[in-house]
Amino acid sequence: MINRKDLARRISDKTGYFIRDIEEILEAEEDSIAEFISEGHKKIKHHKLFQLEIKTRPSKTAYDGFNKEYFELPERKYIEFKPLTQLERAIEDVNTESN
């Protein structure tokens, strides 16, 4: 698994910037994405990597088998992740290498 430190180190190697500066930028990016979602933005596109879309799951009636009764599940928001061209190409490369 790659974490933020690994990502910052790779970017630092490619660009020559200090790792701590890149970590601050990555943290600010994460905070900004979370703030945009909290503010009610429905779609967030991250360059050619991925798109996040906030969707609504409608309320529905569910059955509780333990208590033998029906109950209402409320409407909920969820995040749908959609890979874009750059990630799709990377996945294709991984799939062709494994065959």
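Below you will find a few notes about this structure.

What counts, and where the lines are drawn
- Within every chain, residues take consecutive numbers counted from 1 along the sequence as written.
- With pLDDT at 70 or above as the cut-off, local features in this predicted model cover only qualifying residues; side-chain atom pairs require 80 or more to be listed or tallied, and sums for whole chains, interfaces and linings still use all residues.
- By convention in this description, side-chain values take in all heavy atoms of the structure and omit both hydrogens and water.
- Here a strand is any run of E in DSSP of at least two residues, a helix any run of H or I of at least four, and the numbering for each starts at the N terminus.
- Radius of gyration: C-alpha atoms only; globule rule: 2.2 Å multiplied by the number of residues to the exponent 0.38.
- Each residue's exposure class comes from its accessible area (1.4 Å probe, protein chains only) as a fraction of the maximum for that residue type: buried when under 20%, exposed when over 50%, partly exposed otherwise.
- Here, two residues are considered to be in contact whenever any of their heavy atoms come within 4.5 Å of each other.
- For the accessible areas, the method is Shrake-Rupley and the probe is 1.4 Å, while residue cover comes only from the protein chains on display.
- Charge counting treats Lys and Arg as positive and Asp and Glu as negative, with His and both chain ends excluded.
- Taken as the charge centre is NZ of Lys, CZ of Arg, CG of Asp or CD of Glu, depending on the residue.
- Pairs were defined over the aromatic rings of Phe, Tyr and Trp, the Trp ring being its six-membered one, requiring ring centres within 6.5 Å. Orientation was assigned from the angle between planes: stacked under 30 degrees, edge-to-face over 60, tilted for the rest.
- Throughout this description, the term charge over a ring refers to an Arg CZ or Lys NZ atom that lies within 6 Å of the ring centre and within 35 degrees of the ring normal.
- A strand pair is defined by DSSP finding two or more bridges across the two strands.
- Axis geometry follows a simple rule: fit a line to the C-alpha atoms, using only the stretch in contact for helices, then measure angles between N-to-C directions, giving values from 0 to 180 degrees.
- Angle categories are assigned with fixed cut-offs, so that under 35 degrees is roughly parallel, over 145 is roughly antiparallel, 65 to 115 is roughly perpendicular, and the rest are oblique.
- Crossing handedness is defined as follows: a turn of the near helix away from the far one that is anticlockwise and smaller than a right angle gives a left-handed crossing, while the clockwise case is right-handed.
- The classification used treats Ala, Val, Leu, Ile, Met, Phe, Trp, Tyr, Cys and Pro as nonpolar, Asp, Glu, Lys and Arg as charged, and all other residues, Gly among them, as polar.
- Patches here: salt-bridge-free residues with over 30% relative accessible area, like charges joined within 9 Å, nonpolar side chains (Val, Leu, Ile, Met, Phe, Trp, Tyr) joined within 5 Å.
- The working definition used for a salt bridge is a side-chain nitrogen of Lys or Arg within 4 Å of a carboxyl oxygen of Asp or Glu.

1. Focus: the overall build of the chain
At step 1: Along its length, the chain carries three helices and five strands.
At step 2: For the chain, the C-alpha radius of gyration of 20 Å lies well beyond 13 Å, the compact-globule estimate for 99 residues.
At step 3: Considered along the principal axes of its C-alpha atoms, the chain spans approximately 60 × 40 × 25 Å.
At step 4: The buried share of the chain, taken over its 99 residues, is 13%.
At step 5: Pairs at least 24 apart in sequence give 33% of the contacts found in the chain among residues at least 6 apart.
At step 6: If you sum the accessible surface of the chain, you get close to 8,600 Å²; carbon and sulfur atoms cover 53% of it.
At step 7: If the 18 positive side-chain charges of the chain are averaged to one point and the 21 negative ones to another, these points end up 4 Å apart.

2. Concerning the packing of aromatic side chains
At step 1: Tallied over the full model, the rule gives two aromatic pairs.
At step 2: Measuring from centroid to centroid gives 5.4 Å for Phe 50 and Phe 81, while their planes differ by 35°, and the two rings are tilted. Here Phe 81 lies in strand E5 (residues 76-83) and Phe 50 lies in strand E2 (residues 50-57), a separation of 31 residues in the sequence.
At step 3: Take Phe 50: its relative accessible area is 17%, and that puts it in the buried class.
At step 4: Just above the ring of Phe 18 sits the side chain of Arg 20; from NZ or CZ to the centre is 5.1 Å.

3. Some points on the pairing of strand E3 (residues 60-64)
At step 1: Bridging between E3 and strand E4 (residues 69-73) involves five bridges; their strand directions are antiparallel. Note that in E4 the partner of Tyr 63 across the bridge is Tyr 70.

4. Focus: the packing of helix H1 (residues 4-15) against helix H2 (residues 19-38)
At step 1: Running from N to C, H1 and H2 point in directions that differ by 125°, and their axes come no closer than 9 Å. One element, H1, and the other, H2, form an angle in the oblique class. The interaxial crossing formed by H1 with H2 has right-handed handedness. Here Arg 4, Lys 5, Leu 7, Ala 8, Arg 9, Ile 11, Ser 12 and Thr 15 of H1 lie close against H2, whose contacting residues are Ile 19, Ile 22, Glu 23, Leu 26, Glu 27 and Glu 30.
At step 2: Tallied by class, residues from the contact of H1 with H2 come to six nonpolar, two polar and six charged.

5. Remarks on the side chain of His 46
At step 1: As for its placement among the helices and strands, His 46 is situated in strand E1 (residues 43-46).
At step 2: The exposure class of His 46 is buried, given its relative accessible area of 14%.
At step 3: Leaving out residues up to four positions away in the same chain, His 46 has contacts with Glu 29 and Ile 33.

6. Here we look at a negative patch on the surface
At step 1: Taken together, the side chains of Glu 88, Glu 92, Asp 93 and Glu 97 define an acidic patch exposed on the protein surface.
At step 2: Accessibility expressed as a relative area gives 46% for Asp 93, which makes it partly exposed.

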